[in-house]
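# Descriptive structure summary
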Amino acid sequence: MALFSELRRRNVLKVALLYAIASLLIYWIVGWGLLTLGAPPWANEFLLLVLLIGYPVALIFAWSYEITPGGLKKSLDVDQTQSIVFKTGQKLNAAMSVLAVLGILALVGERLLPTFELPKIIEPILPSPVYESPDKDGVPAEIRAHTLDNGLRIIVWPDHDIPNVVMYNFVRAGARNEYPGITGLSHFFEHMMFNGTERRAQGEFDETMEAAGGANNAYTSSDLTVYQDWFPRSALGVIFELEADRLENLAIDPAVVETERGIVYSERRRGVDNDNFGKLYEQMMATAFAAHPYQFPVIGWPSDIENWIQEDLETYFRTYYAPNNLTMVFTGDVDAEELFEMADDAFGSIAAQDPPQKIRTVEPAQQGARHIIVEADAETPLLHIAFHAGSATSPETLPLSVLLNVLVGGDSSRLHQLFVENEQTALSIGGFQMEGLDPGLVYFYLTLPPGAEIAATEARLLRELQKVAEEGVTDAELLKATNIMIADYWRGLSTINGKAAAIGQAEVFLGDYQNAFTLPDELAAITTDELKKVAADVFDVAQMTAGVLRSKATEESE
């Protein structure tokens, strides 16, 4: 207690508090000024070093000149009217001023002095960070990739045509990562990520980004949740700050959760309950997949949306939004090395987590055709037919995509001409292939005219698909389909947004961003025999799920 009283009497505690507060204010104010002026990254570190040296030195002076016996003896020989603050500050401030002047001179010198290359003999002593460069033919040489220590994967494709940048953040979290009780959580977090953090209020994320000239969007699928930012080069620092904040400090506030729960439920009513296509599609997926989580609707089952609990949300976010579960892609007016350094500063402190549990469930082979009927208020019946197919990396996936282009790719496609133009048994017909992380479906959907003979239309479609499996397609149809797909490919890569989407999807679904650049050659190598074989393998009625949406009046009239 005597020591504490002596410290307090001689103002040592006041000096400690004074320098602590002053250091924080100086670091905040000067740091903000350096950021505004575009100072190099080392400037902030230098400032912090000066303060870290100055604070303990101030305490040492206070102790030496006021508390120790030697200091007390020495104090008898000097003017006692000088306070400890004055005596300590007089010496300390002089030393810190010298350091500050040296720092300012270094900043000015870096701006004014010409750049020069180090002699070859010195270069090996100061190695630069090594980032991943392309090692496959046909890949743009300027692309770079890097994985931070916490597992965050970053890919950069510089394109300086315009001073804009695109960022895609691929989060490996979709309906396939859910289970009964938490279905729809991936989509729910797509909403929550825009709803405030511990540092920012609701709506501040969008306001800040828009004020800097940026825009954003996001979407959720069965495999992924993807966040997209579009912004000018000048807003790069703002974007990093915003994205790092919501990854590290997302606020899962119970009141906001309840508000968003209602919004998501309203979205479900609009997109599923009150939409005939969505209603039938949901039942088709739940029927086609008996075991695999692709059966779950992306938006979630109603009872799950109503009953998520706080623990579910916190656990899901901590697991799936960890940096080691993300892949970020930047394209546009950026420098790869600069961007990697900024990314490390912004995201490097976010801790990695244990990897999410792998999806081990494999959908068992279907033992026969499955049929479902959904009754709804519908003047125009819907007919959906799906067959089990491969994943994005399966050998038959690309030939099947070409075949789909032949069959339903536009108004001149084979099935559109047959069903819509010639026989007029359908108002429209389309199709797609899932191409996901796990084996999925190839899916056909038809809108039929009122009073259509649904069973006859289904049988007609199956006969036509069987015809393709037996006879194949013509050389002209194949050439047309591949020409369209190659043209679409190059059209996509003509924009920085298309570049980001292409290399990001290749990295996530194909295992390497460089695989995005093999498509033209792969398409050119496909033959009509391959299309015939894939049709025979996939269009197997035993592997089919057929669904019909019709009104109850239609059923009663049959």
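Look above for the structure.
Residues numbered from 1 in each chain as written. Predicted model: local features only at pLDDT ≥ 70, side-chain atom pairs only at ≥ 80, totals over all residues. Heavy atoms only, no water.

## A short note on the overall build of the protein
Helix and strand counts for the protein come out as 21 helices and 11 strands. Buried residues in the protein amount to 47% of all 558 residues. Element-wise, carbon and sulfur atoms account for 58% of the exposed surface of the protein, whose accessible area totals about 27,900 Å². (Helix = DSSP H or I, 4+ residues; strand = E, 2+ residues; numbered from the N terminus. Buried < 20%, exposed > 50% of the residue type's maximum accessible area, 1.4 Å probe, protein only. Areas by Shrake-Rupley, 256 points an atom, 1.4 Å probe, with all protein chains shown as cover.)

## Comments concerning helix H8 (residues 236–249)
Over its 14 residues, H8 extends 20 Å from the first C-alpha to the last, a length consistent with the 20 Å expected when each residue adds 1.5 Å. With 10 of 14 residues buried, H8 is to be regarded as a mostly interior element. Taken residue by residue, H8 has Leu236, Ile239, Phe240, Leu242, Glu243, Ala244, Asp245, Arg246, Leu247 and Asn249 as its buried positions. On its buried side, H8 packs onto strand E3 (164–171), helix H7 (204–211), strand E5 (225–232), helix H12 (310–320), strand E6 (326–332) and helix H13 (336–347). (Expected span 1.5 Å × (residues − 1). Contact = heavy atoms within 4.5 Å.)

## A short note on the packing of aromatic side chains
The description of two aromatic rings rests on the distance between their centres and on the angle between their planes. Counted by the stated rule, this structure contains 25 aromatic pairs. Aromatic side chains Phe277 and Tyr445 sit 5.4 Å apart centroid to centroid with 85° between the ring planes, which places their arrangement in the edge-to-face category. Of this pair, Phe277 sits in helix H10 (residues 276–288) while Tyr445 sits in strand E10 (residues 441–447), and the two are 168 residues apart along the sequence. Here Phe444 and Phe539 contribute two aromatic rings whose centre-to-centre distance is 5.9 Å and whose plane-to-plane angle is 55°, an arrangement assigned as tilted. Taken together, the residues span a long stretch of sequence, with Phe444 in strand E10 and Phe539 in the loop between helix H20 (528–538) and strand E11 (544–550) at a distance of 95 residues. Ring pairing ties together the aromatic residues Phe188, Phe189, Phe194, Phe205, Tyr227, Trp308, Tyr316, Phe317, Tyr320 and Tyr321, which thus form one cluster. (Phe/Tyr/Trp six-rings, centres within 6.5 Å; stacked < 30°, edge-to-face > 60°.)

## A few points about the packing of helix H9 (residues 254–273) against H10
Viewed as axis vectors pointing N to C, H9 and H10 meet at an angle of 90°, and their least axial separation amounts to 6 Å. With respect to each other, H9 and H10 are oriented roughly perpendicular. Facing Arg268, Gly271, Val272 and Asp273 of H9, the residues of H10 in contact are Gly278, Lys279 and Glu282. (Axes fitted to C-alpha atoms, helices over the stretch in contact; angles between N-to-C directions. Parallel < 35°, antiparallel > 145°, perpendicular 65-115°, else oblique.)

## A look at the pairing of E3
The buried fraction of E3 is high, at seven of eight residues. Across eight bridges, E3 lies against E5 in antiparallel orientation. Paired with Val171 across the strands is Thr225, a residue of E5. As defined by bridge partners, E3 adjoins E6 across seven bridges and the pair is classed as antiparallel. Looking across to E6, one finds that Met167 is bridged to Phe330. (Pairing = 2+ DSSP bridges.)

## Here we look at the environment of Leu462
Position of Leu462 relative to the elements: it lies in helix H16 (residues 454–471). Measuring from C-alpha to C-alpha, the distance between Leu462 and Ile385 comes to 9.2 Å, with 77 residues separating the pair along the chain. Those residues in contact with Leu462 that sit more than four places away from it in its chain are Ile385, Phe387 and Met544.

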